[in-house]
Amino acid sequence: MTTGITSRTAERFAPFGTTIFSEMTALANTHRAVNLSQGFPDFDGPDLGKLGAIEAMNNARNQYAPMPGTPELRHAIAGWAARVNKIDCNPDREITVTSGCTEAIAATMLGLLNPGDEVVVFEPYYDSYRACLAMAGAVPRFVTMHQTPEGFGYKPEELRAAFTSSTRAVLINTPHNPTGTVFSDSQLREISALCIEHDAIAISDEVYERLVYDDYTHQSIATQPGMRERSIVLSSSGKSFSLTGWKIGWAIAPEELTRGIRSAHQFLTFSVATPLQLGVAKLLENGEQEINSLLEHYKRTRSMLAEALQELGFELTLPQGSYFILADHRRVTDRLGLKTDVDLCRWLPSHAGVAAIPPSAFYSNPENGSHLIRFAFCKQTATIEEAIKRLRSALG
Ligand code: GLN
């Protein structure tokens, strides 16, 4: 489902084409469909952050930030990490502010991996992981998260088999996009034991760290015994504060690993928007109330959408975290005479006026994800209601 890449594009990007997020959002716009594809809120972020950024602009904080990030934001991240991730870190030597978590992923891989290094990656995976590994010349070794009646999980024997003498890192994402899985303490312990056994580092994308439901709790792999010194914790303000367009992210890592991350970051972006960093600092320090009301809202939109999808024949388990629902579409596609996720996601915007993501884009072997479909519920109640109405009339 990729558009043509001209022969002038570097070979390393040839397998990746245009990201599925841009493609599906464009399709949604063409058909004026309700866009439940790309994960971004259709409501505004909190005033507290915006006022902080405006104040910074009015106070002439408009020149380059220091390469690792403004001191204010690095201090705020250290406080946040102590509360949210249970990690104590030094704001000067262990935190790097990046252009969203996506740049933190790129800087980590480019700064710490050598060509030929193997990296264990759980699939389905966020699409930028593979492209960044390709830029670094690293080799992914995939471990599939299988769908079970309780949710998505990996098989311990498959995880163990993915580690080899060339393994340099494991890449985890908890809460996980697109499955909504929150990795458990015992899973993190198991992954940590393999990291230590193979002297590998853990690259942990925790951007959905605050979007956790029911009785699940977010845990960072860096808190496992022996892991702090070999973990890189990546996050951002995009999901917790509905500011995906600000692109303020960060990497927390021990000094030795931070040196590698900064080596790449200084030549990728050097530094990121100063006033926005200062706005995010305010939110990290004083934004708990905003997060609580966001969570209440997402709990509602999650159940509304999940119930409606189940009624229409999609099979799913409620996501434990994140703002995505991953569902098996086969009963629906059978009725419609369609087959794959790509067929359904091309059909939906024009026939139902709703857009979603075909998860085969998140698998090394696309066939493994072709029975699934991903819907985002990070939208206003009225948007979710409209999507449900449209899906019912097209599929009901
Ligand atoms: N993380 C978001 C998603 O998974 C969007 C990412 C993007 O647009 N690059 O939908």
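Each remark here, short or long, concerns the structure printed above.
Residues numbered from 1 in each chain as written. Predicted model: local features only at pLDDT ≥ 70, side-chain atom pairs only at ≥ 80, totals over all residues. Heavy atoms only, no water.

A. Representation of the sheet that holds strand β4 (residues 139-144) within the structure. Ordered by their spatial adjacency, 7 strands build an open sheet running β2-β10-β9-β8-β7-β3-β4, and the pairing between neighbours is mixed. Sheet topology places β2 (95-99) and β4 at the edges, where each strand pairs with a single neighbour. Recorded for the sheet is a direction-independent mean angle of 20 degrees between the axes of neighbouring strands. Pairing of strand β8 (residues 201-205) with strand β9 (residues 231-236), which is carried by 4 bridges, proceeds in the parallel orientation. Following the sheet pairing, Asp 205 is matched in β9 by Leu 234. (Pairing = 2+ DSSP bridges. Helix = DSSP H or I, 4+ residues; strand = E, 2+ residues; numbered from the N terminus. Axes fitted to C-alpha atoms, helices over the stretch in contact; angles between N-to-C directions.)

B. Highlighting the nonpolar core. In this structure, Phe 122, Ile 232 and Phe 314 are the most contacted members of the largest nonpolar core, which totals 93 residues. Setting aside residues no more than four positions away along its own chain, Phe 122 makes contact with Val 143, Met 145, Tyr 154, Leu 159, Val 170, Leu 171, Ile 172, Phe 183 and Ile 191. Listed in part, the 27 residues of the second largest apolar core include Ala 76, Ala 222, Val 272 and Ile 291. (Core = buried A, V, L, I, M, F, W, Y, C linked by side-chain atoms within 4.5 Å. Buried < 20%, exposed > 50% of the residue type's maximum accessible area, 1.4 Å probe, protein only. Contact = heavy atoms within 4.5 Å.)

C. Representation of helix α1 (residues 20-30) in the model. When we look at burial in α1, the residues that qualify are Ile 20, Phe 21, Glu 23, Met 24, Thr 25 and Ala 28. On its buried face, α1 is in contact with β1 (34-35), α5 (127-136), α12 (341-351), β12 (354-355) and β13 (372-376). Positive phi shows up at Arg 32, right after α1, with a value of about 50 degrees.

D. View of the packing of aromatic side chains. Inspection of every chain in the model, using the stated rule, returns 16 aromatic pairs. With 5.7 Å between their ring centres and 80 degrees between their planes, Tyr 126 and Tyr 129 make a pair best called edge-to-face. The partly exposed category is assigned to Tyr 126, whose relative accessible area is 21%. Tyr 129 gets classed as buried once you look at its relative accessible area, which sits at 2%. One aromatic cluster in this structure is built from Phe 43, Tyr 208, Tyr 213, Tyr 298, Tyr 323, Phe 324 and Phe 377. The cationic tip of Arg 374 hangs over the ring face of Phe 324; the distance from NZ or CZ to the ring centre is 3.6 Å. (Phe/Tyr/Trp six-rings, centres within 6.5 Å; stacked < 30°, edge-to-face > 60°. Lys NZ or Arg CZ within 6 Å of the ring centre and 35° of its normal.)

E. Examining the pairing of β4 more closely. Here strand β3 (residues 118-123) pairs with β4 via 6 bridges, running parallel. Residue pairing across strands places Val 120 opposite Arg 141, the latter belonging to β4.

F. Structural context of the site of the ligand. Neighbouring residues of the ligand: Phe 21, Gln 38, Gly 39, Tyr 126, Asn 177, Tyr 208, Lys 239, Phe 324 and Arg 374. At 2.6 Å, a side-chain N or O of Gln 38 approaches an oxygen atom of the ligand. Burial of the ligand by the protein chains amounts to 81% of its free accessible area of 300 Å². By residue class, the composition of the shell around the ligand is 4 nonpolar, 3 polar and 2 charged. (Near = heavy atom within 4 Å. Polar contact = N/O pair within 3.5 Å; in protein donor to acceptor, adjacent residues only side chain to side chain. Areas by Shrake-Rupley, 256 points an atom, 1.4 Å probe, with all protein chains shown as cover. Nonpolar A, V, L, I, M, F, W, Y, C, P; charged D, E, K, R; others polar.)

G. The arrangement of the environment of Ala 169 in detail. Within the element layout of this structure, Ala 169 appears in strand β7 (residues 167-173). Residue class for Ala 169 comes out buried when judged on its relative accessible area of 0%. As a C-alpha pair, Ala 169 and Ala 138 span 31 residues in sequence and 9.9 Å in three-dimensional space. Filtering out sequence-adjacent residues up to four positions away, Ala 169 remains in contact with Leu 113, Glu 118, Val 119, Val 120, Ala 200, Ile 201 and Ile 203.

H. Molecular detail of the packing of α1 against α12. At a closest axis distance of 9 Å, the pairing of α1 and α12 adopts a crossing angle of 25 degrees. By the angle between their axes, α1 is roughly parallel relative to α12. Every pair of crossing elements has a handedness; the one defined by α1 and α12 is right-handed. For the pair α1 and α12, the contacting residues are Glu 23, Met 24 and Leu 27 in the first and Cys 345, Arg 346 and Pro 349 in the second. Counted by class, the contact of α1 with α12 contains 4 nonpolar, no polar and 2 charged residues. (Parallel < 35°, antiparallel > 145°, perpendicular 65-115°, else oblique. Left-handed = near helix turned anticlockwise from the far one by under 90°.)

I. Highlighting the environment of Asn 85. The topology assignment puts Asn 85 in helix α3 (residues 71-85). Distance from Asn 85 to Val 233, taken between C-alpha atoms, is 8.7 Å for residues 148 residues apart in sequence. With near-sequence residues (within four places) excluded, Asn 85 lies in contact with Trp 80, Glu 206, Glu 209, His 218, Ser 220, Thr 223 and Val 233. At 2.9 Å, the side chain of Asn 85 forms a polar contact with the side chain of Glu 209.

J. Seen up close, the packing of helix α10 (residues 288-311) against helix α13 (residues 381-395). Where α10 contacts α13, the axes come no closer than 10 Å and their chain directions differ by 0 degrees. Taken together, the axes of α10 and α13 lie roughly parallel to each other. Along its contact with α10, which presents His 297, Thr 301, Met 304, Leu 305, Ala 308, Leu 309 and Glu 311, the element α13 presents Thr 381, Ile 384, Glu 385, Ile 388, Leu 391 and Arg 392. Of the residues contributing to the contact of α10 with α13, the split by class is 7 nonpolar, 3 polar and 3 charged.

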